[in-house]
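Here is what each chain is made of, one letter per residue.
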Amino acid sequence: MKRILLLARSAATGAALREMEALRDQATSLPDVADALYAFAEEGSPSLRSAIETLIATPEPVLIVPILVPVEPSFLLGVKRSLQRWQGGDSRPWPEIRIAPPFSRQAPMRELLAIVIDTAEAETTAVEKVEAPPPLEGSVVPAQRRRVLVCQGGPCIRAGAETIWGHLRNEQKRLSLRTSGEGTMSAKTSCLGPCSLAPVLQVWPEGTYYGGVDEAGIDRIVEEHLLRGDIVEDLAYLPTGTKQRLRG
Ligand code: FES
């Protein structure tokens, strides 16, 4: 019997969560599945970290099934590195964890596509021609003074930047950071430059670079920099004009 973790990228709405619940229920009903959970690698609850916390409480092996098409190899490598980082910092015994190959490489995908094309007509969404899209309502220009840019370039993704982004977004929501202190907004960005320091993020308006950031690092940056305005010196890297590596 298998224990399955269905891994999606992110979800912010109840409808998306219900989709994952339905998939989980279907996985649970398979004959050789003892238990199935779902989690999000980026933003959304439960996070990959919290699902893993549940799964390591018992010793049976876990199969992580990425519910993504397409799957960038760097995404899977980043997930693997995050799991290794969490396990490396944990003295408890962990069950064996394996990651399944991408959906798109499975032969039954052809049959699944055929079923969707043949039978889903009743659920299709019609796209009617309209003369002009409805005008957007007015928007408020954000007053938040702080911005966190989280690098999503290749080296940072391979170092686990997507789980770091997910942790930041979940904490941003939990702590209402948009309206706390000077107000913080966050965004993903392409390569910020110092790839040897992956995973990298940058906090504005100071423009402070942080490297080698993990979940504990995010917690400190939130508490000390975003809420109190103090740069976290031991995680920060200054533009010295010389090549730098991660400290320690
Ligand atoms: S890929 Fe992140 S700093 Fe270059």
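An account of the accompanying structure is given in this report.

Conventions used here
- Residues numbered from 1 in each chain as written.
- Predicted model: local features only at pLDDT ≥ 70, side-chain atom pairs only at ≥ 80, totals over all residues.
- Helix = DSSP H or I, 4+ residues; strand = E, 2+ residues; numbered from the N terminus.
- Contact = placed C-beta atoms within 7 Å.
- Expected span 1.5 Å × (residues − 1).
- Buried ≥ 20, exposed ≤ 12 C-beta atoms within 10 Å, placed from the backbone.
- Core = buried A, V, L, I, M, F, W, Y, C linked by C-beta atoms within 7 Å.
- Domains from an automatic or database assignment.
- Pairing = 2+ DSSP bridges.
- Axes fitted to C-alpha atoms, helices over the stretch in contact; angles between N-to-C directions.

**Here's the deal with the overall build of the protein**
Phase 1 of the analysis: Along its length, the protein carries 7 helices and 9 strands.
Phase 2 of the analysis: Dimensions of the protein, computed from the C-alpha atoms along their principal axes, are close to 60 × 60 × 30 Å.
Phase 3 of the analysis: Restricting the contact set of the protein to residue pairs at least 6 apart, pairs at least 24 apart contribute 71%.

**A word on helix H6 (residues 161–174)**
Phase 1 of the analysis: Taking 1.5 Å as the rise per residue, H6 with 14 residues should run 20 Å; its terminal C-alpha atoms sit 20 Å apart, in good agreement.
Phase 2 of the analysis: With 11 of 14 residues buried, H6 is to be regarded as a mostly interior element.
Phase 3 of the analysis: Taken residue by residue, H6 has Ala161, Glu162, Thr163, Ile164, Trp165, Gly166, His167, Leu168, Arg169, Asn170 and Gln172 as its buried positions.
Phase 4 of the analysis: Taken from the residues just after H6, serine 176 is the one with a positive phi, measuring 50 degrees.

**Regarding the nonpolar core**
Phase 1 of the analysis: With 47 residues, the main nonpolar core has Leu5, Leu6 and Leu7 as its most contacted residues.
Phase 2 of the analysis: Here this core spans two domains, and each of domain 1 (2–111) and domain 2 (146–237) adds at least three residues to it.
Phase 3 of the analysis: Not counting residues within four places of it along the chain, the set of residues in contact with leucine 7 comprises Ala39, Ala41, Leu48, Ile64, Val65, Pro66 and Ile67.

**Some remarks on unusual backbone geometry**
Phase 1 of the analysis: Looking along the chain, the bond that leaves valine 69 and enters proline 70 is cis, with omega of -10 degrees.
Phase 2 of the analysis: Residue position: proline 70 is located in the loop between strand S3 (62–66) and helix H3 (73–88).
Phase 3 of the analysis: With an omega of -5 degrees, the peptide bond running from alanine 198 to proline 199 counts as cis.
Phase 4 of the analysis: Positionally, proline 199 belongs in the loop between strand S6 (184–189) and strand S7 (201–204).
Phase 5 of the analysis: Positive phi values are uncommon outside glycine, yet serine 176 reaches one of about 50 degrees.
Phase 6 of the analysis: By the element assignment, serine 176 lies in the loop between H6 and S6.
Phase 7 of the analysis: Take serine 176: there are 10 C-beta atoms within 10 Å of it, and that puts it in the exposed class.

**Considering the sheet that holds strand S2 (residues 33–40)**
Phase 1 of the analysis: Pairing is parallel across the open sheet formed by 4 strands, whose spatial order is S2-S1-S3-S4. In this open sheet, the two edge strands, each paired with only one partner strand, are S2 and strand S4 (97–99). Shown here is a sheet whose adjacent strand axes are inclined to one another by a mean of 25 degrees, direction ignored.
Phase 2 of the analysis: With 7 bridges connecting them, strand S1 (residues 2–8) and S2 associate as parallel partners. Within the sheet, the bridge partner assigned to alanine 8 lies in S2 and is phenylalanine 40.
Phase 3 of the analysis: Each of S1, S2 and S3 touches helix H2 (residues 48–55); the most contacted strand, S2, lies at about 155 degrees to it.

**A few points about the environment of serine 196**
Phase 1 of the analysis: Looking at the secondary structure, you find serine 196 in the loop between S6 and S7.
Phase 2 of the analysis: Through-space distance from the C-alpha of serine 196 to that of arginine 220 is 21 Å; in sequence the pair is 24 residues apart.
Phase 3 of the analysis: Contact partners of serine 196, with chain neighbours within four places excluded, come to Gln244 and Arg245.

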